[in-house]
Amino acid sequence: MKQFYTVVLDRMTTFSGRLDSEPYEAGWADEAIAFVRVHDLKEGSKVSFNVQISPDGINWIDEGTPSKELSAAGVQFLRVREFGGWLRLCVNCSGECKVTTYLSLKG
Amino acid sequence: MKNLYGYNPLKNIIFADDFDEGYNGWLTLMPNFRQDKFDYYDSFKGWTSWGPPMLSSATFPYAGTHGSLHGTYSMKIATRPVAAPAENRPVAGSQGMAIKRLTHRTEGLLKCEMWYAFTAEQTVPGIGEDAIRSVSFFWDTANGDSRTMFGARYLNCANGKMQQRWQLFKVDEDNDEPWGFSGDSAPGDTPDQKVTLVKGIDYAWLGTRKSNGDSNGFYNIPDSHQKLCYNETPDKINWLYFALTVDLKKKEYVSLESVDRKWDLRGIKATSVGRYPRIDWILNPVLFIESDTGRRVFMYVDSIVNSCE
């Protein structure tokens, strides 16, 4: 059977501006889904997120999959494949929000 | 785990985890949830961001992939790039924590062995040896009427000063400084029962701490200074052997083995406290690493074996 693992990157975290997750190694996985769950979001604010990849967990570049957006509490996701050894999630919020973020990995 | 070469387990193997075969049930340690809403107790809110485990190929910026002792993957536990002074309690994210949860069936000898390494993130010049405060293994154990945490901590560096000595989880009974927990910690057996963390529980982030890395919960093993191999750059990792043996019946330590050293710990009692609701007969092995500076530090565990007899 394939391996599967969901890691919570940031747990019920309140922020404004930009939240980069900690680097996460996932070289064993063939595919990943990045989930962002917005618990609270100030009216009129928006949350967007994208995934970055890295050769070494230190230097980062956008993976290229178009970013996703939320304008209310809820869950959104994006899929990535062929991402090498590392992933991190970059979340931007135009106001203040509370999020829980995940990587669901399979391979 | 297909082979136990490199290991010397007791008669009955409880688990033998090689991280080339997956996570084997290890996950991050997180606080208990309140029962009345989806939130944490106020007293736990600094403890929700311990670094989670990941399957690592130990890949470095200039060296490439190091791999593991028995293959490609080890379990890496990472801190965030943050630390509090050694005389303070650990701040959010300054430790990486991995736990596995099971229960045990007998109360004889219990042994943990592992092959592990540690290093600092290669983001700034310097080998980073002094970026790592400690690495540790412990068990959270219980039977039907008591709870006991047994653990060994390699205190590597405190406030920039190398220490390189071994400590056990054991409360200093002559010290009356605070343990540092207030409030509720968990649901009780009944809704009105209050559960709190008393002295002897959760050594990793409680206790009154000193600038040299000591605390009223860490017992310094005599003659335990040991320079563990930390190679000449942070991208050279050498796998280290560790073994801790304890006696669950007598609630005492038996021995600690580290690379070429072995300490006889017989007669050193662990600190045992009263029963905690709901966790009868737990056997939770836990691994953690702690940073001493604002630089990420990593513990790699190639494989880990727990055995008993």
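Residues numbered from 1 in each chain as written. Chains lettered and ligands numbered in written order. Predicted model: local features only at pLDDT ≥ 70, side-chain atom pairs only at ≥ 80, totals over all residues.

1. Examining the overall build of chain A
A tally of regular secondary structure across chain A gives zero helices and eight strands. Secondary structure of chain A in N-to-C order comes out as β-β-β-β-β-β-β-β. What you see for chain A is a C-alpha radius of gyration of 13 Å, in line with the 13 Å of a compact globule of 107 residues. Principal-axis analysis of the C-alpha atoms places the extent of chain A at approximately 40 × 30 × 20 Å. The buried share among the 107 residues of chain A stands at 38%. For chain A, contacts bridging at least 24 residues in sequence account for 76% of all contacts bridging at least 6. (Helix = DSSP H or I, 4+ residues; strand = E, 2+ residues; numbered from the N terminus. Rg over C-alpha atoms; globule rule 2.2 N^0.38 Å. Buried ≥ 20, exposed ≤ 12 C-beta atoms within 10 Å, placed from the backbone. Contact = placed C-beta atoms within 7 Å.)

2. Things to note about unusual backbone geometry
Residue and element names in this part refer to chain B. Here Ala 58, not a glycine, exhibits a phi torsion of approximately 50°, which is positive. By the element assignment, Ala 58 lies in the loop between β2 (53-56) and β3 (59-60). Residue class for Ala 58 comes out buried when judged on the 22 C-beta atoms lying within 10 Å of it. Of note in this structure, Asn 159 is not a glycine but carries a positive phi near 50°. One can find Asn 159 in the loop between β10 (146-158) and β11 (161-169).

3. Description of the environment of Lys 106 of chain A
Residue and element names in this part refer to chain A. For Lys 106, the location among the structural elements is in strand β8 (residues 86-106). Along the backbone, Lys 106 and Ile 33 are 73 residues apart, and their C-alpha atoms lie at a distance of 9.0 Å. Apart from residues no more than four positions distant in its own chain, Lys 106 is found in contact with Lys 2, Phe 4, Ala 29, Asp 30 and Glu 31.

4. Quick word on the confidence of the model for chain B
Detailed reading of the predicted coordinates is not advisable wherever pLDDT falls low. Across chain B, the average pLDDT comes to 96, with 100% of residues at 70 or higher. Confidence estimates for the predicted assembly give a pTM of 0.97 and an ipTM of 0.97. (pLDDT = per-residue confidence, 0-100.)

5. Overview of the interface of chain A and chain B
Taken together, the contact between chain A and chain B spans 13 residues of the former and 19 residues of the latter. Take the side of chain A that touches chain B: its biggest share by element is four residues, from strand β1 (residues 4-20) of chain A. By residue class, the composition of the side of chain A that touches chain B is six nonpolar, three polar and four charged. (Nonpolar A, V, L, I, M, F, W, Y, C, P; charged D, E, K, R; others polar.)

6. Examining the nonpolar core
Residues Val 47 and Leu 103 of chain A together with Met 299 of chain B are the most contacted members of the largest nonpolar core, which totals 102 residues. Of the residues forming this core, the biggest block, 10 residues, is contributed by β8 of chain A. Not counting the four nearest positions on each side in its chain, Met 299 of chain B is found in contact with Ile 77, Gly 96, Tyr 116, Phe 118, Val 135, Leu 287 and Ile 289 of chain B. (Core = buried A, V, L, I, M, F, W, Y, C linked by C-beta atoms within 7 Å.)

7. Observations regarding the environment of His 39 of chain A
All names here are of chain A. Within the secondary structure layout, His 39 lies in strand β3 (residues 31-41). It is 16 Å that separates the C-alpha atoms of His 39 and Arg 18, two residues lying 21 residues apart in sequence. Setting aside anything within four residues of it in sequence, one finds His 39 in contact with Met 12, Ala 73, Lys 98, Val 99 and Thr 100.

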